[in-house]
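What the coordinates show
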Amino acid sequence: MHASYVLSRCLAAGLALLITWPTTVLAALHVVNVTGEGSGTTVEQAKESALRDAKRNAAEQVGVYVLSQTKVENGTLTSDIVSTMTAAFLRLRGVPHYEISKQDDKEVAVRVAITAEVDDSDLQHFRQLARDQARVAEFQRLTHVYQHLQQEATALRALLGSAQSTQDKAKYSAALERNHVLHQSYMLLQQAYATADNAAALDLLKQAVALYRDNAAAYAALAGLCMEQQQITDSLLYCESGLDALQRAQEYTAEDKQALQFILLCLKGNAFFLNGQYVEALTTFQSADQLSANIEIKQIRQSIYTHFLFDYGGLLMIQGDYTRSTELLNRLITLLTAPPATDSVSMSSAVPDAPTGSAANEDELQGDTYMLATSYAYRGIDLQAQGRLKESEADFAQAKALATKLSAAAAANIQTLLDNYAHTMR
């Protein structure tokens, strides 16, 4: 493996892969008062069930408010998905007020009243989410999970209510408790999606998998965060745990399961590569490539997909598979040079746009520019090997032009790559 290629990938790996949120400003509050009902075999279980119901009701009301303040043009958004998205940043005001409405030897029923609030900065947050189809797809997967768990809980409560034997009561009570734990785990994942602090997100995700070891989506988020922080060994372990969990998890649709498998394979391949395990990286990318035909790429975060194309294409170039490498790099260059997508949400003039020109945005731009310059260099090498000399020279020229926009260290790395691989055609 050529050292310049390894350095190329290591520099590009610093891009954020999963959880990043824009800076927002505080603004006017919107408050809702709602109630919820729940039941369980203990008072504590019933209270938790009632609070979940109340939060769900609050999220639905806030979702209506969000939609009334925002022109949503993204056809993939549904009321359920909007409720799931808004629940991620819903805040409670004061202390919930509980009231036991029923209590016997079989069941405890509780009613709760809560006050929830959302401010206009959260509308900015929602609009940022709704612009990105991959983000919406993540919340759609959560919505599917919540719907599955809610249906399961309803069926289990009915079975518990009609159970006669002590053994059956214990069985259905245990199943309900497991359902509750899964729901809590996915709520923690949802909260992690909504926090801007990586340390806090990491803690929430670790809590999520501690509660439910088969939360594959949480493992994917953990793997991405660790990759971003250059914790490669941890990222690899989380990828392997997530792929293992997917084999047992029952709460995902077939489509959601395939999307999560692709994400985990991409991240695992990245981790293998950065860990110096090039054979394993190539095999993993081949598995991801086979799976990609069955999923909607637009529902995968672009940063994950571009790193997959970048690493896989580079490895195939090193292996001498120049034709296939060219195909992957064509896809990557098309993605990186595409004009920005039109916003899927019209911004309200009452809420200012997120600030531009920040250090984070500049770093991300430089990361994309570096990846694009390197991609042109790689594709030029592929084309050169295929005897397509004019095309390869054009790509080398593109790489050199982009290198002038980079830092001195990054530009030097591009030049080293060209010096080692590219030969001037005369």
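Residues numbered from 1 in each chain as written. Predicted model: local features only at pLDDT ≥ 70, side-chain atom pairs only at ≥ 80, totals over all residues. Heavy atoms only, no water.

What about the pattern of salt bridges?
All told, the structure shown has 14 salt bridges when counted by the stated rule. Between D214 and R248 there is a salt bridge; the shortest N-O distance is 2.6 Å. Taken together, the residues span a long stretch of sequence, with D214 in the loop between α7 (198–211) and α8 (216–228) and R248 in the loop between α9 (232–246) and α10 (254–274) at a distance of 34 residues. Between R324 and E327 there is a salt bridge, with the nearest N and O atoms lying 2.7 Å from each other. Taken together, the residues span about one helical turn, with R324 and E327 both in helix α13 (residues 322–337) at a distance of three residues. When salt bridges that share partners are traced, they join R91, R93 and E117 into one network. (Salt bridge = Lys/Arg side-chain N within 4 Å of Asp/Glu carboxyl O. Helix = DSSP H or I, 4+ residues; strand = E, 2+ residues; numbered from the N terminus.)

Structural notes on the pairing of strand β4 (residues 108–119)
Here β4 lies mainly inside the structure; 10 of its 12 residues are buried. Relative to β4, strand β1 (residues 29–40) runs antiparallel, the two sharing 12 bridges. Along β4, the bridge assignment pairs G36 with V112. Of the strand pairs in this sheet, strand β3 (residues 91–103) and β4 are connected by nine bridges, and their pairing is antiparallel. (Buried < 20%, exposed > 50% of the residue type's maximum accessible area, 1.4 Å probe, protein only. Pairing = 2+ DSSP bridges.)

A short note on the confidence of the model for the chain
Overall, the prediction assigns the chain a mean pLDDT of 81, with 84% of residues at 70 or greater. Taken element by element, the predicted model of the chain shows its lowest mean pLDDT in strand β5 (residues 345–346) (33) and its highest in α9 (96). Contacts for the low-pLDDT stretch residues 1–8, under 50 throughout, to residues beyond four places or in other chains number 27 contacts. The low-confidence segment residues 342–365 (pLDDT under 50) makes 38 contacts with residues lying over four places distant or belonging to another chain. (pLDDT = per-residue confidence, 0-100. Contact = heavy atoms within 4.5 Å.)

Observations regarding the packing of α8 against α9
For the pair α8 and α9, interaxial distance at closest approach is 8 Å and the crossing angle is 165 degrees. With respect to α9, the element α8 is oriented roughly antiparallel. Read as a crossing pair, α8 and α9 show a hand that is left-handed. For the pair α8 and α9, the contacting residues are A216, Y219, L222, A223, C226 and M227 in the first and I232, D234, S235, Y238, C239, S241, G242, A245 and L246 in the second. In terms of residue class, the contact of α8 with α9 is made up of 11 nonpolar, three polar and one charged. (Axes fitted to C-alpha atoms, helices over the stretch in contact; angles between N-to-C directions. Parallel < 35°, antiparallel > 145°, perpendicular 65-115°, else oblique. Left-handed = near helix turned anticlockwise from the far one by under 90°. Nonpolar A, V, L, I, M, F, W, Y, C, P; charged D, E, K, R; others polar.)

Quick word on the state of the cysteines
Defined simply, a disulfide is a covalent bond joining two cysteines at their sulfur atoms. Applying the stated criterion to the full structure yields zero disulfides. This cysteine, C226, is not joined by any disulfide, and C239 carries the nearest cysteine sulfur, 9.2 Å off. Note on C266: no disulfide assigned, nearest cysteine sulfur contributed by C239 at a separation of 9.6 Å. On the accessibility criterion, C266 (0% relative accessible area) is buried. (Disulfide = S-S within 2.5 Å.)

Considerations on the packing of helix α5 (residues 133–162) against helix α6 (residues 166–194)
Relative to each other, α5 and α6 sit at 160 degrees, their axes nearing to 10 Å. Comparing the axis directions of α5 and α6 gives the class roughly antiparallel. Considering only the axes of α5 and α6, their crossing is left-handed. The residue makeup of the contact of α5 with α6, split by class, is 17 nonpolar, four polar and four charged.

Things to note about the packing of aromatic side chains
Considering all chains together, one arrives at 12 aromatic pairs under this definition. A ring pair is formed by Y186 and Y252, whose centres lie 6.3 Å apart and whose planes are at 80 degrees; its orientation type is edge-to-face. Placement of the pair is Y186 in helix α6 and Y252 in the loop between α9 and α10, with a sequence separation of 66 residues. The exposure class assigned to Y252 is buried, which follows from its relative accessible area of 10%. Relative to Y238, the ring of Y219 has its centre 6.4 Å away and its plane inclined at 35 degrees; by these criteria the two rings are tilted. With a gap of 19 residues between them, Y219 in helix α8 and Y238 in helix α9 connect regions that are remote in the sequence. Residue Y219 is classed as buried on the basis of its relative accessible area of 9%. Above the face of the Y98 ring, K47 is positioned so that its terminal group lies 5.1 Å from the ring centre. (Phe/Tyr/Trp six-rings, centres within 6.5 Å; stacked < 30°, edge-to-face > 60°. Lys NZ or Arg CZ within 6 Å of the ring centre and 35° of its normal.)

Here's the deal with the sheet that holds β3
The strand order across the open sheet built from three strands is β1-β4-β3, with neighbouring strands paired in antiparallel fashion. Here the strands that pair on one side only, and so sit at the sheet edges, are β1 and β3. Here the strands of the sheet are splayed against their neighbours by 15 degrees on average, with no regard to which way each runs. Here helix α4 (residues 120–131) sits on the sheet in contact with β3 and β4, set at roughly 90 degrees to β4.

Observations regarding the nonpolar core
Formed by 118 residues in total, the largest nonpolar core has its most connected members in Y186, L189, Y252, F262 and F308. With 12 residues, α10 is the largest single contributor of residues to this core. If near-sequence neighbours (up to four positions away) are discounted, F308 is found in contact with F262, C266, N270, F285, A288, D289 and G313. (Core = buried A, V, L, I, M, F, W, Y, C linked by side-chain atoms within 4.5 Å.)

Examining the side chain of D214
Residue D214 is classed as buried on the basis of its relative accessible area of 8%. At 2.6 Å, the side chain of D214 and the side chain of R248 are in polar contact. Contact partners of D214, with chain neighbours within four places excluded, come to Y186, A245, R248, A249, E251 and Y252. (Polar contact = N/O pair within 3.5 Å; in protein donor to acceptor, adjacent residues only side chain to side chain.)

Quick notes on α9
For α9, which comprises 15 residues, the first-to-last C-alpha distance of 21 Å matches the rise-based estimate of 21 Å (1.5 Å per residue) to within 8%. Within α9 the residues assigned to the buried category are I232, S235, L236, Y238, C239, G242, L243, A245 and L246. Looking at the buried positions of α9, the neighbouring elements they touch are α7, α8 and α10. (Expected span 1.5 Å × (residues − 1).)

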